[in-house]
Amino acid sequence: MKLKFTKMHGAGNDFVVIDAIAQNVDLSPEQWKRIADRRFGVGADQLLVVEKSRLPDTDFRYRIYNADGGEVEQCGNGARAFARFVNEKGLSGKRAIRVETLAGIIEPKLQADGGVTVDMGAPVLQAALVPFDNAGLAGKPAGDDVLWPLDINGKTVLFSVVSMGNPHAVQIVADTETAAVAADGPAIEHHPRFPKRVNAGFMQIVDRNNIKLRVFERGAGETLACGTGACAAAVAGIRQGLLDSPVTVQTRGGVLTIAWGGAQQAVEMTGPAVTVFEGEIDI
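What counts as what
- Residues numbered from 1 in each chain as written.
- Predicted model: local features only at pLDDT ≥ 70, side-chain atom pairs only at ≥ 80, totals over all residues.
- Heavy atoms only, no water.
- Helix = DSSP H or I, 4+ residues; strand = E, 2+ residues; numbered from the N terminus.
- Rg over C-alpha atoms; globule rule 2.2 N^0.38 Å.
- Buried < 20%, exposed > 50% of the residue type's maximum accessible area, 1.4 Å probe, protein only.
- Lys, Arg positive; Asp, Glu negative; His and termini not counted.
- Charge placed at Lys NZ, Arg CZ, Asp CG, Glu CD.
- Phe/Tyr/Trp six-rings, centres within 6.5 Å; stacked < 30°, edge-to-face > 60°.
- Contact = heavy atoms within 4.5 Å.
- Disulfide = S-S within 2.5 Å.
- Patch = residues over 30% accessible without salt bridge, like charges linked within 9 Å, V, L, I, M, F, W, Y side chains within 5 Å.
- Areas by Shrake-Rupley, 256 points an atom, 1.4 Å probe, with all protein chains shown as cover.
- Salt bridge = Lys/Arg side-chain N within 4 Å of Asp/Glu carboxyl O.

**Re the overall build of the protein chain**
Okay, step 1: Scanning the protein chain from terminus to terminus reveals 4 helices and 19 strands.
Okay, step 2: For a compact globule of 283 residues, the expected C-alpha radius of gyration is about 19 Å, and the protein chain comes in at 18 Å, within 12% of that figure.
Okay, step 3: Dimensions of the protein chain along its principal axes, counting C-alpha atoms only, are 50 × 35 × 35 Å.
Okay, step 4: Across the 283 residues that make up the protein chain, the buried fraction comes to 54%.
Okay, step 5: Computing the positive centroid from 29 side-chain charges and the negative centroid from 33, the protein chain places the two 2 Å apart.

Right, here's the structure in full:
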């Protein structure tokens, strides 16, 4: 079957976006993986699917597949691309939309300067709900946060665990450029304490409103930017008393801005969403 798609990116985190309203889309994990393959397919960190809404008071359903073909709960940079896509394709004339995901409802909003702001909802901070198994571990208090010690490749690393609809383990590093992302990322992602695996964030604090961040994403490897990872890192830093909102997050692919008022308030993420090209693949 031939499948029309649009290639997009948000701060270098790249996507294949597929309109499943205008065409029938029913693919296997292996087919999603093939489309994401950078040598034998189109190439992408994630594949985003636009579907008709199934819920009242929502405009669309948003589904996300990682490069390994597995469906996941959330993708923050993808949410911005999703909002840009439905606007450019004339699927919605609204500047702000409500979108159903596996993790709940999100609300992307197109800004006048071309950026997109997404209401990502409140972070989940209870370890069991991330999910993270902290049984038998002695957590280290850090402001309003608790840091959990894990053995990663023979060394003890302290993590903040946060869910932004998908699980994140955030550690503070002295320098993101020299952080052991390639070596430690897979070990963190597959650590048995995370039953659904985890996205591994490596955060460098620059000052109280600026961080640098690299993320080894679950099912995708290191990406140039991770929207939910930026949200999780900002939340972790604010809870530890190290950061103040808003936080500017410098990733390898670009800049994201994260605002969070604390407690159970929603996290807002603002950043770019860019269309690169359109095409058709025989899948």
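**A word on the packing of aromatic side chains**
Okay, step 1: For the structure shown, the criterion picks out 6 aromatic pairs.
Okay, step 2: Summarising the aromatic geometry, the rings of Tyr-62 and Phe-82 are spaced 4.9 Å apart at their centres and angled 50° between planes, so their arrangement reads as tilted. In this pair, Tyr-62 is assigned in strand β4 (residues 60-66) and Phe-82 in helix α2 (residues 76-88), connecting sequence segments 20 residues apart. Neither Tyr-62 nor Phe-82 differs from the other in exposure class; each is buried.
Okay, step 3: In textbook terms, an aromatic cluster arises when at least three aromatic residues are bridged by ring pairs, as seen for Phe-60, Tyr-62 and Phe-82.

**So, the side chain of Thr-6**
Okay, step 1: Tracing the sequence through the fold places Thr-6 in strand β1 (residues 2-10).
Okay, step 2: Not counting chain neighbours up to four residues away, the residues in contact with Thr-6 comprise Phe-15, Val-16, Val-17, Phe-85, Lys-89, Thr-275, Phe-277 and Glu-278.

**Points about the state of the cysteines**
Okay, step 1: Enumeration over the complete set of coordinates arrives at 0 disulfides.
Okay, step 2: Note on Cys-75: no disulfide assigned, nearest cysteine sulfur contributed by Cys-226 at a separation of 6.9 Å.
Okay, step 3: For the unlinked cysteine Cys-231, the closest cysteine sulfur is that of Cys-226, found at 8.6 Å.
Okay, step 4: We classify Cys-231 as buried; its relative accessible area is 0%.

**Concerning a nonpolar patch on the surface**
Okay, step 1: Together, Val-274, Val-276 and Phe-277 make up an exposed nonpolar region whose accessible area comes to about 230 Å².
Okay, step 2: Position of Val-276 among the secondary structure elements: in strand β19 (residues 274-282).

**Details of unusual backbone geometry**
Trans peptide bonds make up most of the peptide bonds, and negative phi angles are found at most residues other than glycine.
Okay, step 1: Cis peptide bonds are those with omega within 30 degrees of zero, and the linkage from Val-130 to Pro-131 qualifies with 0°.
Okay, step 2: By the secondary structure assignment, Pro-131 is in the loop between β8 (116-119) and β9 (140-142).
Okay, step 3: Cis geometry is found at the peptide bond from Ser-245 to Pro-246, where omega equals 0°.
Okay, step 4: Residue position: Pro-246 is located in the loop between α4 (227-239) and β16 (247-250).
Okay, step 5: With a phi close to 60°, Ala-11 is a non-glycine residue in the positive phi region.
Okay, step 6: As for its position among the elements, Ala-11 is in the loop between β1 and β2 (13-19).
Okay, step 7: Here Ala-11 falls in the buried class, since its relative accessible area comes to 3%.
Okay, step 8: Of note in this structure, Asn-153 is not a glycine but carries a positive phi near 50°.
Okay, step 9: Tracing the backbone shows Asn-153 in the loop between β10 (145-152) and β11 (155-163).

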